[in-house]
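Observations on chain architecture
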Amino acid sequence: MTPFEQFIQNLINTPFNFWILIKILFVIGFGLYLAFAAIVIRQVKIMSEVVEGLSVWPLRLFAWIHLGVAVFVLLLSLTIL
Amino acid sequence: MPDIFVGPQKETKTIPLKKLAMPEKKPVFKKPFGFLSAFIPHPINLRYEFQEKDEKIVLFLRRHFFTNFGWLIVTFCLALVPIFAFSFFPFEFVPLSFRFIGFIAWYLLTFAFAFERFLSWFFNVNIVTDRRIIDVNFPSILYKDISEAKLDNIQDVSSKTGGFARSFLNYGDVLIQTAGTLPELSFEAIPFPDKVAEIINDLIAEEEGEL
């Protein structure tokens, strides 16, 4: 049996763990969410450049907190799931 | 022949032609310029990205705050979903850690929805300057769409109000037809649409008077 065949055989014989699959989906989802949170920061910056003088600091603060929470949740999902 | 009676002469002021054509109006709106204001006449500290040095912003508008009511209700309902879901279905077959992360994920998505809708309302603005009209749109997270029309290219300005909420809260649409490449600009759901149309018409008249 070649190493490749052995690898496939191992994959087939490994019992399927449903929760591992869910964990992977959660991690991928939170990864995408992290990218979204980063885009939101950029978006707030671009939007606030169009009209200067608006009080946008609360929005920037929210956007940064949002990014921080997204990072935290991704790390949390990697550790506790 | 000598005059028998000479009345006191009144001082006559010469009024410039421009003022005769455009009599000064009392300021119609005296509203404080707040963080969530949807109608800001003559904003002092605001500046548009491509504003010229001697150009002045006459009106700064965004959709009436009441237009946010729909998504605020949706957000409120979404926030209640996990509470009801966990009280009706305990989800005991799901491991606790997954339940916890799922709970957080739900509220993150709810927050993202509400924040995006708020940003969309906050930054989709309409600006009227003494030279042009600008419509700033952010149709989605990655797109920016800015349309503008010079006052001398505007052919017709009309306002439209209809429906219970719009009539009661006095907000509606202003449609601006132009002779430029962009056939029509619309200011949607802005407060005092009739006054805005009137102000734009006055500015056009003033602009035509200068030419």
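Details of the structure are given in the entry above.
Model, not experiment: these values are computed from the prediction.

**A few points about the environment of Gln9 of chain A**
Position of Gln9 of chain A among the secondary structure elements: in helix α1 (residues 3-13). Each C-alpha atom of the pair Gln9 of chain A and Phe26 of chain A lies 28 Å from the other, and the pair is 17 residues apart in sequence.

**Thoughts on the sheet that holds strand β5 (residues 132-137) of chain B**
Residue and element names in this part refer to chain B. Reading across from one edge, β1-β3-β4-β5-β6 is the order of the 5 strands in this open sheet, with antiparallel pairing throughout. Looking at strand neighbours, the two that pair on one side only are β1 (39-41) and β6 (145-150), the edges of this open sheet. Shown here is a sheet whose adjacent strand axes are inclined to one another by a mean of 10°, direction ignored.

**Examining the pattern of salt bridges**
Residues and elements named next belong to chain B. Here the structure, examined in full by the defined rule, presents 7 salt bridges over all chains. Between Arg131 and Asp54 there is a salt bridge, with its nearest N and O atoms 2.7 Å apart. Note that Arg131 is positioned in the loop between β4 (125-129) and β5 and Asp54 in the loop between β2 (47-48) and β3 (57-62), a separation of 77 residues in sequence. Taking relative accessible area as the criterion, Arg131 reaches 29% and is therefore assigned partly exposed. Each of Glu52, Asp54 and Arg131 takes part in salt bridges that share partners, so that together they form one network.

**What to know about the nonpolar core**
Formed by 45 residues in total, the largest nonpolar core has its most connected members in Leu59 of chain A together with Phe123 of chain B. Secondary structure elements with two or more residues in this core: α2 (18-50) and α3 (57-80) of chain A together with β3, α3 (96-123), β4 and β5 of chain B. Ranked by residues supplied to this core, first place goes to α3 of chain B with 13 residues. Sequence-distant contacts of Phe123 of chain B, defined by excluding residues within four places in its chain, comprise Val44, Met47, Ser48, Leu54, Val56 and Leu59 of chain A together with Val136 and Phe138 of chain B. Counting residues in each nonpolar core, the second largest holds 21 residues, with Leu59, Val128, Val157 and Ile176 of chain B among its members.

**What about unusual backbone geometry?**
Apart from glycine, the bulk of residues carry a negative phi angle, and the bulk of peptide bonds sit in the trans form. All names here are of chain B. At His42, a residue that is not glycine, the phi angle is positive and equals roughly 45°. Relative to the elements of secondary structure, His42 occurs in the loop between β1 and β2. You can call His42 exposed: its relative accessible area is 56%. A positive phi angle is found at Ala189, which is not glycine, with a value near 55°. By secondary structure assignment, the location of Ala189 is in strand β9 (residues 184-191).

**Description of the sheet that holds strand β7 (residues 154-160) of chain B**
Residues and elements named next belong to chain B. Across the sheet, which stays open at both edges, the 3 strands sit in the order β7-β8-β9 with antiparallel pairing between neighbours. For this open sheet the edge positions go to β7 and β9, each flanked by a neighbour on one side alone. Pairwise comparison of adjacent strand axes, ignoring direction, gives a mean angle of 15° for this sheet. When strand β8 (residues 171-178) meets β9, the two strands line up antiparallel, connected through 6 bridges. Within β9, the position partnered with Gly172 by the bridge is Ile190.

**Focus on the interface of chain B and chain A**
At the interface, 37 residues of chain B touch 33 residues of chain A. Summing both sides of the interface, chain B and chain A together bury roughly 3000 Å²; the carbon and sulfur share of this comes to 85%. A per-residue breakdown of the area chain B buries against chain A is headed by Phe98, Ile101 and Leu108 of chain B, which together make up 22% of the total. Inspection of the region where chain B meets chain A yields 0 salt bridges. If you list the elements that add at least two residues to the side of chain B that touches chain A, you get β2, β3, α3 and β4 of chain B. In terms of residues, the side of chain B that touches chain A owes the most to one element, α3 of chain B, which gives 17 residues.

**Considering the side chain of Asp173 of chain B**
Residue and element names in this part refer to chain B. Along the chain, Asp173 falls in strand β8. Within the structure, Asp173 has its side chain in polar contact with the side chain of Arg166 (distance 3.1 Å). A polar contact is formed between the side chain of Asp173 and the backbone nitrogen of Ala189, at a distance of 2.8 Å. Not counting residues up to four positions away in its chain, the partners in contact with Asp173 are Ser158, Ser159, Lys160, Arg166, Phe187, Glu188, Ala189 and Pro193.

Rules and cut-offs
Per chain, residues are indexed from 1 in the order of the written sequence. All chains are assigned letters beginning with A, and all ligands numbers beginning with 1, in the order in which they are written. Only residues with pLDDT of at least 70 get local features here, since the model is predicted, and only at 80 or more are side-chain atom pairs given and counted; chain-wide, interface and lining totals rely on the full set of residues. Side-chain metrics rest on all non-hydrogen atoms present in the structure, leaving aside hydrogens and water. Secondary structure elements follow DSSP: runs of H or I of four or more residues count as helices, runs of E of two or more count as strands, with numbering from the N terminus. Strands are labelled as partners when DSSP assigns at least two bridges between them. Axis lines are fitted through C-alpha atoms, for helices just across the contact stretch, and the angle between N-to-C directions can take any value from 0 to 180 degrees. A carboxyl oxygen of Asp or Glu within 4 Å of a side-chain nitrogen of Lys or Arg is what we treat as a salt bridge. Each residue is assigned to one of three classes by its accessible area relative to the maximum for its type, calculated with a 1.4 Å probe on protein chains only: buried under 20%, partly exposed between the two thresholds, exposed over 50%. Note on terminology: a nonpolar core comprises buried Ala, Val, Leu, Ile, Met, Phe, Trp, Tyr and Cys residues joined through side-chain atoms within 4.5 Å. Contact definition: two residues touch when any of their heavy atoms are within 4.5 Å. Two parts placed together each lose some accessible area under a 1.4 Å probe, and adding up what both lose gives the buried area. Counted as a polar contact is a pair of N or O atoms within 3.5 Å, where, for protein atoms, one must be capable of donating a hydrogen and the other of accepting one, and residues adjacent in sequence contribute only when both atoms are in side chains.

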